[in-house]
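Here is what each chain is made of, one letter per residue.
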Amino acid sequence: MRLAIPFLALLLFNSPIHQSTTSPIPLAAETFDAVWTIVRDTHFDPSMQGVDWDAVRTELRPRALSARTPGELRAVLGEMLSRLHLSHFAVIPASPDDEEDARDLGGEPGFDVRLIDGELVVSSVEPDGGASRAGVQPGWAIDRIGATPASAILKTIAEATSERIARLEAWRAATAKLRGPAGSSIAIAFRDGGDAPVVRTIARERDPGEPVTVGALPTLRVRFSATGAETPQGRRVGVIRFSAWMTTVDAEFQRAIDRYRDADGIVIDLRGNPGGLAAMLMGISGQFLDERVTLGVMKTRDSELRFVSNPRLVDASGMRVQPFAGPVAILVDGLTGSASECFAGGMQAIGRARVFGQTSMGQALPALFDKLPNGDVFIHAWGDFVTADGTRVEGRGVVPDEIVPVTRRDLLAGRDAPLEAALAWFDTRKPRQ
C-alpha cells in the first residue's frame, strides 16, 4: 500500500534496535530485496545521487540473510538506507524485538523540551497537564529522567553531528524517556531558575489531541489552537498553532481565519510541527492568496507536481469572502519538518510571509509507505522539493528572515522571543484599512 505520509511517524515510532541470538528469521531475503528494489525503482534521482546501489546490495545482503533477529535485520536495512544521506527513509517495526521496544509511549508528562546551550531545557508547559500541576516551569533544566541522567541521553549524539540535527536527536531521545503508559508517573530531576535542584514526580496523561489514523501507521493525536495577541502598539493579531498537517486541521483553520479575518496580522506557529499531508499546503495557503500561485515543486523521477495555492473564497458558513490580505508571520524551529517546511519555505519564497525563529529540520522530502514481506512498514522518499524560487529545503532547512535564538533566560522570564519578534514586526507594517 502506498500513501503520502507524515514525517512525524518517524520521530517516535521507529523503535530502537536490540540484538540477541536465536534462529535465523523468516523472510529476511525477501524483505531486504523488497527494500532495495523499492528504492531502486522509486528514488527521485535515477543516478541515486552517485550512490552505487548495486554495490550496496552486494555488500549488505549476506548480512541480512544471516540476521538472527528482526532487530538485526532492521539494523542492516537501516545501514543500507543511511548510505542515501536523505530523510524520510526508515523501517517501522510491525512487532517489537524485545520488551523495551514494546513500551507504551501513549502517555506524556505535559511539557516539551529543547536542546539549549548543551542542556535539555523545558521549552513549554501544557496548561492543564501533569507538569503544570507539579509546578514545572519553562526554562527549568533537566538533570535526570527517571534513572537516566540527561548527560547519558546527550552522550548518544555523535560529536560530529551538526547543531541542527543535534537538536532533533536530543529531542527524540529525551521524549522517548519522558513518555510512557498513560496513568503512570515519572520522577524528573530539574534545576529551577536559580539552579537549585528540584525533583518532581509527574503523572503521564494521554495526549489530548484528536486521534487520527493514516494507513498502517500508529494513531496520531493532532492539537489545534487559535488565540488572540496584541503587538507592542496594541494592534490585534491572531496566533494559529497546530501540531501536524492532518485533514482535521482544515476546518479548524478555516474557523480561525474567519475569527481573525479583520485582524492586523496572523501568526502561524509551526514550531515543533513535524509535518503531515503535503497536499494540505494548497488549501491552507489559499487562505492568504487570492490567485493561484506556485509555492513549490515536488520533482519525482518521471514528473513534477506543483503545489499551487487554492484561493479560499468562502468562509465556514458558505458566505463569499476574500482571502486574508494582511501581513503573515510564520514561526519555525529545529522541530519544524516536512510539510511544515514546504509551507513555510514556499510562503517565504513568494514573499507572502515573513519567517521568524530558528532554522527548521531540513527534512522535507515527500514520502510513501509500503508493507514489507515480514510485516514491517517501509517509509521512503519518492520526490524532492524546491520552493518557487528554486531553494532546496532538504538538508538546508528553512532559514528564517529573522533568526531569533531561544535562551533559557528568556524562558525563565516567561518570554517567547520568536513570537515577540513577529508581533513587533506587525507594528512596522502599514495599518490595514
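Because the structure is predicted, anything quoted here is derived from the model rather than measured.

Enquirer: Quick one: what's the story with the sheet that holds strand S16 (residues 304-308), residue by residue and with numbers?
Expert: The strand order across the open sheet formed by three strands is S16-S15-S21, and the pairing between neighbours is antiparallel. Here the strands that pair on one side only, and so sit at the sheet edges, are S16 and strand S21 (384-387). Sheet twist, expressed as the average angle between the axes of neighbouring strands with direction ignored, equals 25°. Looking at chain direction, strand S15 (residues 294-299) and S16 are connected through five bridges and run antiparallel. Within the sheet, the bridge partner assigned to Lys-299 lies in S16 and is Glu-304. Lying over the sheet, helix H10 (residues 339-349) contacts S15 and S21, oriented at roughly 30° with respect to S21.

Enquirer: How would you sum up the packing of helix H3 (residues 53-65) against helix H4 (residues 70-82)? Please name residues and give values.
Expert: Running from N to C, H3 and H4 cross one another at 165°; their axes reach a closest spacing of 10 Å. Between H3 and H4, the interaxial angle falls into the category roughly antiparallel. Considering only the axes of H3 and H4, their crossing is right-handed. Across from Trp-53, Val-56, Glu-59, Leu-60, Arg-63 and Ala-64 in H3, the residues of H4 making contact are Leu-73, Val-76, Glu-79 and Met-80. For the contact of H3 with H4, the residue count by class is seven nonpolar, no polar and three charged.

Enquirer: How would you explain the nonpolar core if you had to name every residue and give the values?
Expert: For soluble globular proteins, nonpolar side chains are generally found buried alongside one another. Counting residues in hydrophobic clusters, the biggest one holds 42 residues, and the most contacted among them are Trp-245, Phe-253, Ile-268, Phe-288, Ile-330 and Phe-343. Where this core is concerned, the elements lending two or more residues are strand S11 (220-222), strand S13 (236-242), helix H8 (248-259), strand S14 (265-269), helix H9 (280-285), S15, strand S17 (328-332) and H10. When residues of this core are assigned to their parent elements, the largest contribution, five residues, is made by H10. Each residue touching Phe-253, except ones within four places of it in the same chain, is listed here: Phe-224, Ile-240, Phe-242, Ile-268, Ile-284, Gln-287 and Phe-288. Of all hydrophobic cores here, the second largest spans 29 residues; its members include Val-39, Val-51, Leu-77 and Leu-86.

Enquirer: How would you explain the pattern of salt bridges if you had to name every residue and give the values?
Expert: The tally for this structure, following the rule as stated, stands at 32 salt bridges. We note a salt bridge from Asp-207 to Arg-223, for which the minimum N-O separation is 3.0 Å. Taken as a pair, Asp-207 in the loop between strand S9 (205-206) and strand S10 (210-212) and Arg-223 in the loop between S11 and strand S12 (224-230) lie far apart in primary sequence, 16 residues in all. One salt bridge connects Arg-271 with Asp-416, and the closest N-O pair in it is separated by 2.8 Å.

Rules and cut-offs
Residues numbered from 1 in each chain as written. Predicted model: local features only at pLDDT ≥ 70, side-chain atom pairs only at ≥ 80, totals over all residues. Heavy atoms only, no water. Pairing = 2+ DSSP bridges. Helix = DSSP H or I, 4+ residues; strand = E, 2+ residues; numbered from the N terminus. Axes fitted to C-alpha atoms, helices over the stretch in contact; angles between N-to-C directions. Contact = heavy atoms within 4.5 Å. Parallel < 35°, antiparallel > 145°, perpendicular 65-115°, else oblique. Left-handed = near helix turned anticlockwise from the far one by under 90°. Nonpolar A, V, L, I, M, F, W, Y, C, P; charged D, E, K, R; others polar. Core = buried A, V, L, I, M, F, W, Y, C linked by side-chain atoms within 4.5 Å. Buried < 20%, exposed > 50% of the residue type's maximum accessible area, 1.4 Å probe, protein only. Salt bridge = Lys/Arg side-chain N within 4 Å of Asp/Glu carboxyl O.

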